[in-house]
Amino acid sequence: MVLALTVCGVVVALVVVGLFVFGLRRRLIQRSGGTFDCSLRWDVPQTSDTSGKGWSYGVARYNGDRVEWFRVFSYAPRPRRTLERSSIEVAGRRLPEGEEELALLSDAVILTCLHRGIRLELAMSDDALTGFLAWLEAAPPGQRVNVA
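- The protein chain is annotated in an unreviewed UniProt entry as DUF2550 domain-containing protein from Streptomyces similanensis.

## Examining the nonpolar core
Then step 1. Grouped together as the largest cluster of nonpolar side chains are 21 residues, with contacts concentrated most on Leu122, Met124 and Phe132.
Then step 2. Put simply, the parts of the chain that give this core at least two residues each are strand S1 (35-42), strand S3 (66-71), strand S5 (88-94), strand S6 (108-115), strand S7 (118-125) and helix H3 (126-137).
Then step 3. The element contributing the most residues to this core is H3, with 6 residues.
Then step 4. Among all residues touching Phe132, those that are not within four sequence positions of it are Phe36, Tyr62, Val67, Ile88, Leu111, Leu122 and Met124.

## Topic: the pairing of strand S2 (residues 56-63)
Then step 1. In this structure, S1 lies alongside S2, joined through 6 bridges in antiparallel fashion. Paired with Ser39 across the bridge in S2 is Tyr57.
Then step 2. Here S2 pairs with S3 via 6 bridges, running antiparallel. Bridging from a neighbouring strand, Arg61 pairs with Glu68 of S3.
Then step 3. Two successive antiparallel strands, S2 and S3, enclose a turn made up of 2 residues, where Gly64 displays a positive phi of approximately 70 degrees.

## Here's the deal with empty space enclosed by the protein
Then step 1. All chains considered together, the criterion is met by 2 cavities of 30 Å³ or more.
Then step 2. If you add up the space inside the largest cavity, you get close to 40 Å³.
Then step 3. What lines the largest cavity is simply Phe36, Cys38, Ala60, Val67, Trp69, Leu83, Leu122 and Phe132.
Then step 4. Mapped onto the lining of the largest cavity, the elements with two or more residues apiece are S1 and S3.
Then step 5. For the lining of the largest cavity, the class distribution of residues is 8 nonpolar, no polar and no charged.
Then step 6. In this structure, the second largest cavity encloses a volume near 30 Å³.
Then step 7. Together, Ser39, Leu104, Leu105, Ala108, Ala123 and Met124 line the second largest cavity.
Then step 8. Classifying every residue of the lining of the second largest cavity gives 5 nonpolar, 1 polar and no charged.

Parameters and conventions
- Residues numbered from 1 in each chain as written.
- Predicted model: local features only at pLDDT ≥ 70, side-chain atom pairs only at ≥ 80, totals over all residues.
- Heavy atoms only, no water.
- Core = buried A, V, L, I, M, F, W, Y, C linked by side-chain atoms within 4.5 Å.
- Buried < 20%, exposed > 50% of the residue type's maximum accessible area, 1.4 Å probe, protein only.
- Helix = DSSP H or I, 4+ residues; strand = E, 2+ residues; numbered from the N terminus.
- Contact = heavy atoms within 4.5 Å.
- Pairing = 2+ DSSP bridges.
- 1 Å grid on protein atoms, 1.4 Å probe; cavity = no way out; pocket = protein on both sides within 12 Å on 5 of 7 lines; lining within 4 Å.
- Points joined across faces, edges and corners; volume = space filled by probe spheres on them.
- Nonpolar A, V, L, I, M, F, W, Y, C, P; charged D, E, K, R; others polar.

As structure tokens, this is what we get:
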């Protein structure tokens, strides 16, 4: 009986510590400011796929001429993907369709982009989209930026 209570106590303590680390990591990511909730789908096929598969929920952070994207459900201190402003080409935008509406946040807008020849989709709120497009267009003089 004592062993069972000890094991249960250890499991509960590990769960609490794990949740605390998730919260601390998110706080550290957001500490420098310029963050927004952003789902990402990497290496998307040319044909329209509204199945909802491949989306990962995350937090994006502006860092100079880059956007760093972190998975929410991860303990990794480094970004999973880094997108450079000069390499991003916006191909279009659309609203979620079909099962995508269930996989994404309720007010999401999907932005289709090319980054160094890789097709990707970013889903974010309308306000975050406005900020992202403004950030793209605010490139320093001499940088090529393609916004559709």
